[in-house]
Amino acid sequence: MLLSIVLVPAVSGVLALFIPGKAFRRLILLAGGIGHAAAVSFEAWTRRPASAGAWIGLDAPGLLFLLITSLLFLATAVYTVGYLDREANRTVRDRQEGFFFRNEPEAVFIGCLLLFLSTMSLVCISRDMGLLWVAVEATTLVSAPLISFHRHHRSLEATWKYLLICSVGIAMALLGNFFLAFAGHGKVHLNIDHLLSAGAALDPLWLKAAFLALLVGYGTKMGLAPLHTWLPDAHSEAPSMVSTLLSGALLNCAFLGILRGHSVLGAAGLGRFSGELLVFFGLLSMSVSAAFLINQADYKRMLAYSSIEHMGILAMGMGLGGLAASGAMLHAVGHSLAKGMLFLTAGQLLHIYGSKAAGDVRSALNTAPLVGLLWLAGFLAITGSPPFGLFMSELTILKGALESGRWGVAAGYLAALGVIFTAMARTVLPMVFGQPAEDPPQAPGPSRRGSPLWVTAPVMLLAGCILLIGVYVPPVLWRFVGRAAALAGGR
Amino acid sequence: MTLWTDLFILALVLTNFKLLATSRLAALIKTTAYQAVALSVIPLTLAARPWPLHLALLSLVTLAVKGGILPWLLRRAMREAEVQREIEPIVGFSASVLIGMVLLGMSFLIAVPLKLSVPMQSAFLFPGALFTTLTGLMIIVSRRKALTQVVGYLVMENGVYAFGAALAVQEPLLVEMGILLDVFVAVFVMGITIYQISREFDHIDTDRLSELKG
Amino acid sequence: MTGRISLIYWLSALVLAPLLPGVINRTKAFFAGRKGQPLLQLYHDLFKLLNKGAVTSRTASWVFGAGPVIGLAAVLVALALVPAGGIGSLLAFPCDFVFLVYLLGLARFATVSAALDTGSAFEGMGACREVQFSLLAEIALLLGFAVLAAGTGQLSLSDMFARLWSRAQASTNSTALLVAGSFLIVLLAENSRIPVDDPNTHLELTMIHEVMVLDHGGVDLAFIAYGAAVKLWLFTSLLVGLALPLHTGRPLIDLAGIVAGVFAAGVFLGTIESTMARLRLIRVPQMLLVAMALSLAALFWVLR
């Protein structure tokens, strides 16, 4: 039954790859998404604790990330259906440089989307570090064709960087797995339950080496600086719904790999070591993204750097532990929702204005009111303004930092958040406000101004969720993220 | 048994030097095939005879995939991208061999404190595996052609795999197969991407792929 | 007993050395489908040269005349340092391998000085190339000796080679093969064999060793040719001592075995020369770097 979470999208993906027919493919995409969501909800409802030593099982952090993934996929599935109607299988003229390019065959795209969902689910439910590794590598391979949907040189460059850097990083993570096995003197299987119960019997030197390798490896996939160099290119060149899944779901799943390692080290008494490393890389990511967000001219790259920032916040929160860790888990939820909303809106902005440069977009509120409003709301959400949910989580993390006396960390955290808010505001606000311009591309024709339902519905759904969390976090959600944080290694 | 293990690890180290010193893509691909041969035999030499079935099976599959299928994929990609050799690497060949010597020294140095607590009969396995991983990284970083970078990735995977060879007796067969499958698909996807890059750009020099900045 | 055998070996090496280039040339001729020079050709050449006079340039100084003499003397002493497999050498003392390398360096210095003394552009060019390659070759040679010293725990060449294959130590034996590979490359470089230098070329721009001795004639040239043959024997016997495990315990049998091994190695060298092409000059340092890498890898192996 648990396996159906992986099998349903996998089978749908294979069917979409091979069975022709546009309508069939759209249908299977929606069906795969809905089926996956149903399976996840069923499993969440009837949760049984996983038997110790099983290959797959669903625990709190896995379930949390799985729910986020499922919700995002549903939203993007609706978006994709309309998007493909508009874009697929045509020769398109590139608006930036003027050449013509083709898009990828729809079958490959939809098939890979579903397989992407399937592999991400496998990451969330695997309880064996080896299986986790296989699944993460599989997500890299399956998502590479998604990035190069528009077959032109920029997206190919982005795809190549993504493929190579992430594969090299994940090879390091495999090394980490082997180091974990060495730590157990070759007798402890790489199952999470076994590793956790072995605890202090594991060799500390090998454990530290293992965590370092896992951090570098999965951190590359997660986008922690300085291993983030593939992220801005990949997330900005991919079509918007792919960026949504990459930013909102994949980064979380990569983080799960690090968290498993963190929990093992915590059980062995080395939680301080891994926590400090996480805090360091988290702050570094925030600083690097702040630096690159200043004067960022491309609004999709801006969103990508914002993802790096938020992954840094996640790492920092988990590294601090305690209350901050619960805040980090809540933050994961909020970030995925807000980032999803932003990317989908960005996609519509790209369609309306025809350019990814922020300078080419003016007065969105007047030209396309709904989209402009959503873009503004998304900006406020992602930078942590009330009344959106990210404010709650960032505040919780800050509270956790201050309570444990980490003044320096808190100061750096606040400084980075401030710089990022200002930098993003400088890019976003001129896009939204101002007088409508006279000449294109800043004044798109009337045929482009309207936003179809398949764009606005998912975005408003996501916006509603993030607003909801901002206004009121239900206690059951607090308990859930608390348990997830505890299991993921927050002391 | 240690003698055979040592000999094959030595062969592994020598193939790494060959990889660093050659510029022809065909030679690079052939040398990774030789590495695969050495790699697949090492777990067998570490285990006591008679060899357990899953170990023999693993060695055979490793040999088939890393020694046969992957080089074949790479040769196909080489033909389609129509490249023969690395003309101007970022780090020249003499420098690469020198850096290789430094890396070998480093691997031996690092191995001294990290005594492997797994019952491993050979003291050369850790340095040899680490050296292979570092060679792979070196190749990725210092070469221009995308295909050479894929070879570097394979070498890196070989190095990491060599670490696992020590555990091959205990590690579940399924995971090892999964790793092999992943590497196979990785090279497959990379090969396709290289083909598309060569078609789009008319070259596969990755250092010229620098449009996306900032 | 050992002293006498070593003396016999040294004397027989002195006598048989000119035969080695003959063997190599005959092998090359065999590959080329020719009959080739007589095996004793070098003996005839030496005899002819010893009876000839020479013309010396008026601008050359005493260095020009001293070059061949010092070179030959150094190589003869170096030969006395080299053991014949398990049999000790005539001169043996701790760290004698350093002395050996320096003797070869002295010989090289004498040749290079004589070449520069002529003031000719070609010879200067040859001297330049020679020194550049020897720089790397010497390092590889010393590293190889260091491996042997570390592996066998002995400091004298005779002891090293005696211990080398008599112990059944796996790691030392495999490293001995690595060092043999490295020494082979050094041999090819130091003795101006293909793929480093073509001894049969007549184009000065492509020469390395030949061009340095262009202006010598008569007795000087005889000394140079004989010295080159002895040097070749020296390196070959080092190689054979590394690669062939021959310790029957009966000195005369060992001696015969080593001599036979040297000639067999000569055939092997002839094969290499016939099957390989000459390398571009920029590739030679790379090849020597590979020799260095082999020695270094063996060193790390032995030191663990």
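Residues numbered from 1 in each chain as written. Chains lettered and ligands numbered in written order. Predicted model: local features only at pLDDT ≥ 70, side-chain atom pairs only at ≥ 80, totals over all residues.

## Some thoughts on the overall build of chain A
When its secondary structure is counted, chain A shows 20 helices and two strands. In terms of C-alpha radius of gyration, chain A reaches 21 Å, essentially the compact-globule figure of 23 Å for 491 residues. Dimensions of chain A along its principal axes, counting C-alpha atoms only, are 70 × 55 × 40 Å. Within the span of chain A, comprising 491 residues, buried residues form 60% of the whole. Put simply, 81% of the contacts in chain A that link residues at least 6 apart link residues at least 24 apart. (Helix = DSSP H or I, 4+ residues; strand = E, 2+ residues; numbered from the N terminus. Rg over C-alpha atoms; globule rule 2.2 N^0.38 Å. Buried ≥ 20, exposed ≤ 12 C-beta atoms within 10 Å, placed from the backbone. Contact = placed C-beta atoms within 7 Å.)

## With respect to the overall build of chain B
Within chain B one finds seven helices and zero strands. Traced from its N-terminal end to its C-terminal end, chain B shows the element sequence α-α-α-α-α-α-α. Counting all 214 residues of chain B, 51% fall into the buried class.

## Here we look at the interface of chain B and chain C
Facing 18 residues of chain B, the contacting portion of chain C comprises 13 residues. Taken together, the elements giving at least two residues each to the side of chain B that touches chain C come down to helix 1 (2–21) and helix 4 (93–111) of chain B. At nine residues, the largest contribution of residues to the side of chain B that touches chain C is made by helix 4 of chain B. Of the residues that constitute the side of chain B that touches chain C, the class distribution is 13 nonpolar, four polar and one charged. (Nonpolar A, V, L, I, M, F, W, Y, C, P; charged D, E, K, R; others polar.)

## Here's the deal with the arrangement of the chains
The top pair by number of contacts, from a total of two pairs of chains in contact, is chains A and B. As for chain C relative to chain A, no contact occurs, and the smallest C-alpha gap between them is 21 Å.

## A closer look at the nonpolar core
With 344 residues, the main nonpolar core has M341 and I466 of chain A, L147 of chain B together with A78, A229, L288 and A297 of chain C as its most contacted residues. A per-element tally of this core places helix 6 (residues 153–183) of chain A first, with 21 residues. (Core = buried A, V, L, I, M, F, W, Y, C linked by C-beta atoms within 7 Å.)

## A closer look at the interface of chain B and chain A
Taken together, the contact between chain B and chain A spans 35 residues of the former and 31 residues of the latter. Going through the elements one at a time, helix 5 (125–142), helix 6 (146–165) and helix 7 (173–201) of chain B are the ones with two or more residues in the side of chain B that touches chain A. Top element by residues in the side of chain B that touches chain A is helix 7 of chain B. It accounts for 13 residues. Its residues placed into classes, the side of chain B that touches chain A shows 20 nonpolar, 10 polar and five charged.

## A closer look at the confidence of the model for chain B
All names here are of chain B. Here chain B averages 81 in pLDDT, and 89% of its residues register 70 or above. Helix 7 is the least confidently modelled element of chain B, averaging 75 in pLDDT, while helix 5 averages 91, the highest of any element. For this predicted complex, the interface confidence reaches an ipTM of 0.85, while the overall pTM sits at 0.83. (pLDDT = per-residue confidence, 0-100.)

## Description of helix 16 (residues 389–403) of chain A
Residues and elements named next belong to chain A. Taking 1.5 Å as the rise per residue, helix 16 with 15 residues should run 21 Å; its terminal C-alpha atoms sit 21 Å apart, in good agreement. Where helix 16 is buried, its residues meet helix 12 (299–320), helix 13 (323–353), helix 15 (369–382), helix 17 (407–432) and helix 19 (453–471). Looking one or two residues past helix 16, G405 carries a phi angle of roughly 75°, positive in sign. (Expected span 1.5 Å × (residues − 1).)

## Re the environment of G33 of chain C
All names here are of chain C. Examined against the element boundaries, G33 turns out to sit in the loop between helix 2 (19–32) and helix 3 (41–50). We classify G33 as exposed; it has 7 C-beta atoms within 10 Å. A sequence separation of 45 residues divides G33 from A78, and the C-alpha atoms of the two residues are 37 Å apart.

## Description of the environment of G389 of chain A
Residues and elements named next belong to chain A. Its location among the elements puts G389 in helix 16. The spacing of G389 and L122 is 267 residues in sequence and 28 Å in space, taken between C-alpha atoms. Apart from residues lying up to four places away in sequence, G389 is in contact with G334, I466, I469 and G470.

## Re the packing of helix 6 (residues 121–152) of chain C against helix 12 (residues 283–303) of chain C
Residues and elements named next belong to chain C. Here helix 6 crosses helix 12 at 15°, and the two axes come no closer than 9 Å. If you check the angle between helix 6 and helix 12, you find them roughly parallel. Crossing geometry of helix 6 relative to helix 12 is assigned as left-handed. Between helix 6 and helix 12, the contacting residues are F133, L136, A137, I139, A140, L143, G144, A146, V147, A150 and G151 on the first element and V284, P285, L288, L289, A291, M292, S295, L296, A298, L299, V302 and L303 on the second. Looking at the contact of helix 6 with helix 12 residue by residue, the classes come out as 20 nonpolar, three polar and no charged. (Axes fitted to C-alpha atoms, helices over the stretch in contact; angles between N-to-C directions. Parallel < 35°, antiparallel > 145°, perpendicular 65-115°, else oblique. Left-handed = near helix turned anticlockwise from the far one by under 90°.)

## Observations concerning the confidence of the model for chain A
Keep in mind that low pLDDT regions are not for reading the predicted coordinates in detail. Summary statistics for chain A give a mean pLDDT of 86 and a share of 95% for residues scoring 70 or more. When pLDDT is averaged over each helix and strand of chain A, the minimum, 60, is found for helix 18 (residues 446–449) of chain A and the maximum, 93, for helix 12 of chain A.

## Notes on unusual backbone geometry
Going from P386 of chain A to P387 of chain A, the amide bond is cis rather than trans, its omega being 5°. As for its placement among the helices and strands, P387 of chain A is situated in the loop between helix 15 and helix 16. A cis amide bond, omega 10°, links I194 of chain C with the succeeding residue P195 of chain C. Phi at S363 of chain A is positive, roughly 55°, even though this residue is not glycine. Tracing the chain through its elements places S363 of chain A in the loop between helix 13 and helix 14 (364–367). Since 18 C-beta atoms lie within 10 Å of it, S363 of chain A is described here as partly exposed.

## Comments concerning the environment of P387 of chain A
All names here are of chain A. Judged by local crowding, P387 falls into the partly exposed class, with 15 C-beta atoms found within 10 Å. Sequence separation of P387 and P232 is 155 residues, and the distance between their C-alpha atoms is 28 Å. Sequence-distant contacts of P387, that is, excluding residues within four places in its chain, are made with L467, G470 and V471.

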